[in-house]
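Below, each chain spelled out in residue letters.
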Protein chains: 2
Amino acid sequence: MADIPARTELKVTTGPIRGSRKIHVPGPQGVRVAMREITLDPGSGEPPVRVYDCSGPYTDPAAHIDIMAGLPELRREWIRSRGDVEEVTQREVKPEDNGQLGPDRSGGVPPFPHVRGRVLRAKAGANVSQMHYARRGIITPEMEYVAIRENVGRAALQEKLARDGQDFGASIPDYVTPEFVREEVARGRAIIPSNINHPESEPMAIGRNFLVKINANIGNSAVASDVASEVDKMVWSIRWGADTVMDLSTGRNIHDTREWILRNSPVPIGTVPIYQALEKVGGIAEDLTWEIFRDTLIEQAEQGVDYFTIHAGVRLPYIPLTAKRVTGIVSRGGSIMAKWCLAHHKESFLYERFEEICEIMKAYDVAFSLGDGLRPGSIADANDEAQFSELATLGELTQIAWKHDVQVMIEGPGHVPMHKIKANMDKQLEACGEAPFYTLGPLTTDIAPGYDHITSAIGAAMIGWFGTAMLCYVTPKEHLGLPDRDDVKVGVVTYKLAAHAADLAKGHPAAKLRDDALSRARFEFRWRDQFNLSLDPDTAEQYHDQTLPAEGAKTAHFCSMCGPKFCSMKITQEVRDFASKQNAGAETFIAAEQGMAEMSEKFREKGSEIYLPAE
Amino acid sequence: MADIPARTELKVTTGPIRGSRKIHVPGPQGVRVAMREITLDPGSGEPPVRVYDCSGPYTDPAAHIDIMAGLPELRREWIRSRGDVEEVTQREVKPEDNGQLGPDRSGGVPPFPHVRGRVLRAKAGANVSQMHYARRGIITPEMEYVAIRENVGRAALQEKLARDGQDFGASIPDYVTPEFVREEVARGRAIIPSNINHPESEPMAIGRNFLVKINANIGNSAVASDVASEVDKMVWSIRWGADTVMDLSTGRNIHDTREWILRNSPVPIGTVPIYQALEKVGGIAEDLTWEIFRDTLIEQAEQGVDYFTIHAGVRLPYIPLTAKRVTGIVSRGGSIMAKWCLAHHKESFLYERFEEICEIMKAYDVAFSLGDGLRPGSIADANDEAQFSELATLGELTQIAWKHDVQVMIEGPGHVPMHKIKANMDKQLEACGEAPFYTLGPLTTDIAPGYDHITSAIGAAMIGWFGTAMLCYVTPKEHLGLPDRDDVKVGVVTYKLAAHAADLAKGHPAAKLRDDALSRARFEFRWRDQFNLSLDPDTAEQYHDQTLPAEGAKTAHFCSMCGPKFCSMKITQEVRDFASKQNAGAETFIAAEQGMAEMSEKFREKGSEIYLPAE
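This report concerns the structure included in the present document. Predicted model, so just to flag it, every value in this text is computed and none were measured.

### Some thoughts on the overall build of chain A
Right, so step 1: Helix and strand counts for chain A stand at 22 helices and 15 strands.
Right, so step 2: Across the 615 residues of chain A, 69% fall into the buried class.
Right, so step 3: Residue pairs at least 24 apart in sequence account for 76% of intrachain contacts in chain A once pairs closer than 6 positions are excluded.
Right, so step 4: Total accessible area computed for chain A in this model is approximately 19400 Å², and 51% of it derives from carbon and sulfur atoms.

Written out as structure tokens, the structure reads:
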């Protein structure tokens, strides 16, 4: 366990991403939507490229960052002005909330300095979920925010860009209006995770008709980590593009670690409450009770957790279906509940108490992330009876949650070979009424530990294209160890590119703008623009400099692949000049045979110099 | 330029891959097929896992490796005993072959010490291509070798494994016979690149009904590299699984660098001869002539190059089709030919002299890799008229090559968003009569330079599944710089996992054996077996040790994710024991409600201890 972190140890990375600046786009109801703008070389004549921005105030040089104080409460007035919440005294923190069951309380995490004491809860009989508002026809500021945020560059290109893509039955609009957001939330096809006790969060939507999102997992474990590094990983992961963050802490200090993360997070935070409940009973799954679990839900809802993974689909009769699997049950939450069910030989209390859980969810607007506790843990176990039996139950639970106007998404696998991926999406859409799908990869082979961010990015890109709304990242350390800061970044960037590949293939309007801008920069040897437009400008520049470190090489009209003497990009520019000067389409080109000698002469006149020095 | 490497600088990595040993499986006609066998923990009761092995004698502790002498000539007698070749005096090496045009000859590469002087060529009127033999009903030792090599573990599992996969019309046999190999080569659906002057090579097949292969690119460039590091990269890339290697050297020392590589390579070597031809004319594309190109083909065929990328599909009328592209022509060979065509305003000599090229190819058994000189260089340019016009021409050229019994594969893109990938495969199959497709990725987005091994692995896995026979790797340095040793390894392992994901999805028999063995090892906490079964045991172990460095952790029944207190894998083992003891299928499980209390009691009796110390 780490020592209590001193103030100076709570360092996070701040400042703009290279080549970008933070902007705020104003909208109705007082919303100011954060975006990132990548400024291009003035000589290029190209407008700046706006990109979706998850990084919060940390990349805004104008923001004052104080981890000890937490972020400003962006949504504070929106929440309070709706008139359906009341302040209540926060449940008192007990030693067992931080896993301090015995006399040894060393290695604790200091409580967050600004513990609020009083928290929000829906007034008696009220339902504060975004879904509830949506179904009553109310467009909330959260929905306004999402609409502006999702459009990014779309405004600029209306009427300009032909739609291109295969969307497998999605209903992606040309332009996202607040009313469209409301409709999607109302029918359960999208969620806006937004606990009323997490007013620091910048609203975002998860749904198949919005941009594909990614989640990064962080968290203490029983064998490693400390709160300073977890807060840092949270800030680091959103810097590179994590849309939500799950705090999967186990072991001790769960409550306090989470408070630090929530108060400093501009993105929705998800948890798996059964992890903390298990710590409260000393790690003995059989000793879990509904009362302890319920108390944990309230504890976390009061802190502001935006979505809960709840493995309510792990039903007693499904457990024997896993016995003949190659890798059995690999979900931690799933195996905890399986053990409880077997030990008591009773149906899961999560399943039986599901409506009671809904009552808690709607009092804080916590969204369900219905866990796939029986997901396959290997290629061999993909798409089996255990998995799909649970999925059918998740569909049944979705309908119950929706009856309560509680937001729901559905978790998916896992390990699935490519030819079995589409069936996962199809069955999920059918069983769960288009509730957003949230998958972990899937990994498309088991033979590459150390590279499972890649084995899974293949599956993630594909299932994202097919309709999955959010992709849970996998880092290079998957199956092997705990991700460090570098692993978190690699995982986030890998999933960001997979999500973007899916957006392109689905035909999201404007998704291609950034690809095109980068490709033009590449073609025109605007190296800095190419770096800045990439998902990871630092790595792109570093790789370039390993071969051609001289500063001049960043404006040179060649690269290390072909060198200065011969460059295919330069030749293409000549082809282009030539074709345009001759005004030659393919037909005229061929027809003009009589002029060939002359054309050849002209080309030679101007074509002898291939390498032009940089301007 | 590097200094002339001293003997001691020519170091390559030798010795077995961790946890593996080299075996040789004997077959008819004196073939002994190299494979790698991964030995598992004796306590597991599992047989060793045999895997396809590209690494040649370098991983065989019994082999004597001397880079200065080259590898033994495995195929020497096979080639000579066919009675259709003659020894001729090798074309004399000219200064311009190594780009030494001017008086400055510093920075040269020493010639390979054992220059042969005499080389093989088909006797007058003979055709020594594997396709020619196949069409005459001859099963060569090369075909025997391929058949045994492709089966890997299939023999063990006949009648055991149900076929599972979606093969999109491929004809993958349960078991590969020499006759099947012959048929596939005869009909042009597979090639066995095997220049008679590269007897060091271990035969391998490229075709949609065989395992998906990968290629690694290496080579000097005008701005960096030296021969020692290129030989090292070749050996390093095959160690991790490159099935073929392309030497894409440009600049100087092309001839000598290639000789070092060929004499030490157990895998087929491909080149792009126009690169060297261009150097011979001082980099001035317009000055290229058929005679210089022809001389270069013979020079390289005599050295033993197994396949030539020839951009004969870049026809004059297609060039203007690229003028409005975002990234024009990005193929170096394509742009060289485009420039030549424009400068002379004549049809490409590669296209016009194609039958003459075929005559050279069949005299040495060099296979065509028909280059896609007009491949898209960005998402914006994917699947456009220029690209598909060229593909139609490649189909036409395939028929001409086949008329000469010359082996052919077809190169493909490039940059293609996911929803446009399948069309590439479908059109290629239709236009080129199922000649093997050999694609570069494709990259599925342009916004992640620094991670293009991943953006392209997504596309590569998909197009491999759809039917592409060989995937050309992309390293993290793509678009940015020249790959170093680490990049080569990352590129190879990334493509190996993509190819394997494709094999799984196509339903190659036995492909899943390795996944299953690794998954069982994972489930049973056989950490060393998990490492050894992975594509990169060194990285897997290193990542594990970063979190749990103690030696004991490698036999511990837990991992760093959940820690010792609670582990989902352990719980599953309990579920399994429990289910099997009760002999409970799902139905009996539910039916036995009256016995629930009793079952619960039994479970508690044995279930209190979750963490069992390692044996």
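### Re the pattern of salt bridges
Right, so step 1: Scanning all chains against the criterion turns up 103 salt bridges over all chains.
Right, so step 2: Its salt-bridge partner being K280 of chain A, residue D295 of chain A comes within 3.7 Å of it at the nearest N-O pair. Taken as a pair, D295 of chain A in helix α9 (residues 290–303) and K280 of chain A in helix α8 (residues 273–280) lie far apart in primary sequence, 15 residues in all.
Right, so step 3: Look at K280 of chain A and you get buried, because its relative accessible area is 11%.
Right, so step 4: Residues E541 of chain B and R528 of chain B are paired through a salt bridge, measuring 2.9 Å at the closest nitrogen-oxygen approach. In this pair, E541 of chain B is assigned in helix α19 (residues 537–547) and R528 of chain B in helix α18 (residues 527–533), connecting sequence segments 13 residues apart.
Right, so step 5: Its relative accessible area of 34% is what places R528 of chain B among the partly exposed residues.

### Considerations on the pairing of strand β9 (residues 244–247) of chain B
Residues and elements named next belong to chain B.
Right, so step 1: Across the two faces of β9 the burial is the same, with T244 and M246 and V245 and D247 all buried.
Right, so step 2: Sheet topology note: the β9/strand β10 (residues 269–271) ladder contains three bridges and is parallel. Note on β10: the bridge partner recorded for D247 is T271.
Right, so step 3: With helix α7 (residues 254–263) bridging β9 and the parallel β10, this β-α-β connection has right-handed handedness.

### Looking at helix α13 (residues 385–403) of chain A
Right, so step 1: Its 19 residues place the ends of α13 of chain A 28 Å apart at the C-alpha level, agreeing with the 27 Å of an ideal helix rising 1.5 Å per residue.
Right, so step 2: Remark: D405 of chain A follows α13 of chain A within two positions and exhibits a positive phi of approximately 55°.

### Quick word on the nonpolar core
Right, so step 1: In terms of nonpolar packing, the biggest core is built from 308 residues, with F293, F368 and M418 of chain A together with F293, F368 and M418 of chain B touching the most fellow members.
Right, so step 2: Those residues in contact with F368 of chain A that lie beyond four places of it in its chain are F308, I310, F354, I357, C358, M361, A401, V406, Q407, V408 and M409 of chain A.

### What to know about the packing of aromatic side chains
All names here are of chain A.
Right, so step 1: This structure, assessed with the given rule, holds 26 aromatic pairs over all chains.
Right, so step 2: Judged by centre distance (5.2 Å) and plane angle (90°), the rings of F168 and F466 are edge-to-face. Of this pair, F168 sits in the loop between α4 (154–157) and α5 (178–186) while F466 is found in helix α15 (residues 452–466), placing the two residues 298 residues apart along the sequence.
Right, so step 3: A network of ring pairs unites the aromatic residues W290, F293, W340 and F349 as a single cluster.
Right, so step 4: Residue placement shows K422 over the ring face of F466; its charged tip is 5.8 Å from the ring centre.

Cut-offs used in this document
- Residues numbered from 1 in each chain as written.
- Chains lettered and ligands numbered in written order.
- Predicted model: local features only at pLDDT ≥ 70, side-chain atom pairs only at ≥ 80, totals over all residues.
- Heavy atoms only, no water.
- Helix = DSSP H or I, 4+ residues; strand = E, 2+ residues; numbered from the N terminus.
- Buried < 20%, exposed > 50% of the residue type's maximum accessible area, 1.4 Å probe, protein only.
- Contact = heavy atoms within 4.5 Å.
- Areas by Shrake-Rupley, 256 points an atom, 1.4 Å probe, with all protein chains shown as cover.
- Salt bridge = Lys/Arg side-chain N within 4 Å of Asp/Glu carboxyl O.
- Pairing = 2+ DSSP bridges.
- Right-handed = clockwise from strand over helix to strand, strands pointing away.
- Expected span 1.5 Å × (residues − 1).
- Core = buried A, V, L, I, M, F, W, Y, C linked by side-chain atoms within 4.5 Å.
- Phe/Tyr/Trp six-rings, centres within 6.5 Å; stacked < 30°, edge-to-face > 60°.
- Lys NZ or Arg CZ within 6 Å of the ring centre and 35° of its normal.

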